[in-house]
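One letter stands for each residue in the lines below.
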Amino acid sequence: QVQLVESGGGLVQAGGSLRLSCAASGRTFSNYAVGWFRQAPGKNREFVALITWSGASTLYNISVKSRFTISRDNAKNTVYLQMNSLKPEDTAVYYCAWKTKSDGEYDYWGQGTQVTVSS
């Protein structure tokens, strides 16, 4: 199994920045992609970004593209989400998720980290 732990959330003013981390442990030998998702109160979970593990190809939700950057450090088994120019509508619990196969569902999820952007 794979365990994922998110960190780096907090309270920030609009226009500020945060860097989220997703540290993986356990059976990390098999990975296709790691994604970031977010869920605001009363809203459905929303895709934010993903990165493939081997090739580092990335994909972003259009709502965050140009403001957020996803990256990974293979040696540390860690994925990052750099969030710049934060807006109040970015407020949500942010989750990372791990997919072992390209044609499968996300297999593992972290516990989430709260991001709150004040106006």
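Here we summarise the structure given alongside this text. (Residues numbered from 1 in each chain as written. Predicted model: local features only at pLDDT ≥ 70, side-chain atom pairs only at ≥ 80, totals over all residues. Heavy atoms only, no water.)

Thoughts on the side chain of Lys99
For step 1, the next point in the chain: If you trace the backbone, Lys99 turns up in strand S9 (residues 92-99).
For step 2, the next point in the chain: Glu105 provides the closest opposite charge to the buried, unpaired Lys99, separated from it by 6.8 Å.
For step 3, the next point in the chain: In this structure the side chain of Lys99 is engaged in a polar contact, spanning 3.5 Å, whose partner is the backbone oxygen of Gly104.
For step 4, the next point in the chain: In contact with Lys99, not counting residues within four places along its chain, are Asn31, Tyr32, Ala33, Gly104, Glu105, Tyr106 and Asp107. (Helix = DSSP H or I, 4+ residues; strand = E, 2+ residues; numbered from the N terminus. Buried < 20%, exposed > 50% of the residue type's maximum accessible area, 1.4 Å probe, protein only. Lys, Arg positive; Asp, Glu negative; His and termini not counted. Salt bridge = Lys/Arg side-chain N within 4 Å of Asp/Glu carboxyl O. Polar contact = N/O pair within 3.5 Å; in protein donor to acceptor, adjacent residues only side chain to side chain. Contact = heavy atoms within 4.5 Å.)

Focus: the pattern of salt bridges
For step 1, the next point in the chain: Under the counting rule described, the total for this entry stands at three salt bridges.
For step 2, the next point in the chain: The salt bridge partner of Arg38 is Glu46, with a shortest N-O separation of 2.8 Å.
For step 3, the next point in the chain: Take Glu46: its relative accessible area is 29%, and that puts it in the partly exposed class.
For step 4, the next point in the chain: Residue Arg67 is joined to Asp90 by a salt bridge in which the shortest nitrogen-to-oxygen separation is 2.8 Å. Pair noted here: Arg67 is in the loop between strand S6 (58-60) and strand S7 (68-73) and Asp90 is in the loop between strand S8 (78-83) and S9, with a separation of 23 residues, a long-range link. Across the pair, Asp90 and Arg67 agree in class, each one buried.
For step 5, the next point in the chain: One continuous salt-bridge network, built from bridges that share partners, spans Arg38, Glu46, Arg67 and Asp90.

With respect to the pairing of S7
For step 1, the next point in the chain: Note that S7 and S8 share six bridges and pair antiparallel. Counterpart to Arg72 in the pairing with S8 is Val79.
For step 2, the next point in the chain: Linking S7 back to S8 in an antiparallel pair, the connection comprises four residues, with Asn77 at a positive phi of about 50 degrees. (Pairing = 2+ DSSP bridges.)

Some details on the side chain of Thr78
For step 1, the next point in the chain: Following the sequence through the fold, Thr78 ends up in strand S8.
For step 2, the next point in the chain: Within the structure, Thr78 has its side chain in polar contact with the backbone oxygen of Lys76 (distance 2.9 Å).
For step 3, the next point in the chain: Setting aside residues up to four positions removed in sequence, Thr78 forms contacts with Ser21, Cys22, Ala23, Trp53, Ser71, Arg72 and Asp73.

Observations concerning the environment of Gly15
For step 1, the next point in the chain: Relative to the helices and strands, Gly15 is located in the loop between strand S2 (10-13) and strand S3 (18-26).
For step 2, the next point in the chain: Not counting residues within four places of it along the chain, the set of residues in contact with Gly15 comprises Ser85 and Leu86.

Re the packing of aromatic side chains
Any aromatic ring pair is given by two values, namely how distant the centres are and how the planes are angled relative to each other.
For step 1, the next point in the chain: Within this structure, the stated rule accounts for five aromatic pairs.
For step 2, the next point in the chain: For the pair Phe37 and Phe47, a centre-to-centre distance of 5.7 Å together with 70 degrees between the ring planes defines the contact as edge-to-face. With Phe37 in strand S4 (residues 33-39) and Phe47 in strand S5 (residues 46-52), the pair connects residues that are ten residues apart, well separated along the chain.
For step 3, the next point in the chain: Judged by relative accessible area, Phe37 falls into the buried class, the value being 10%.
For step 4, the next point in the chain: Using a relative accessible area of 23% as the deciding quantity, one classes Phe47 as partly exposed.
For step 5, the next point in the chain: With 5.1 Å between their ring centres and 85 degrees between their planes, Phe37 and Tyr106 make a pair best called edge-to-face. Taken together, the residues Phe37 in strand S4 and Tyr106 in the loop between S9 and strand S10 (108-109) connect sequence positions 69 residues apart. (Phe/Tyr/Trp six-rings, centres within 6.5 Å; stacked < 30°, edge-to-face > 60°.)

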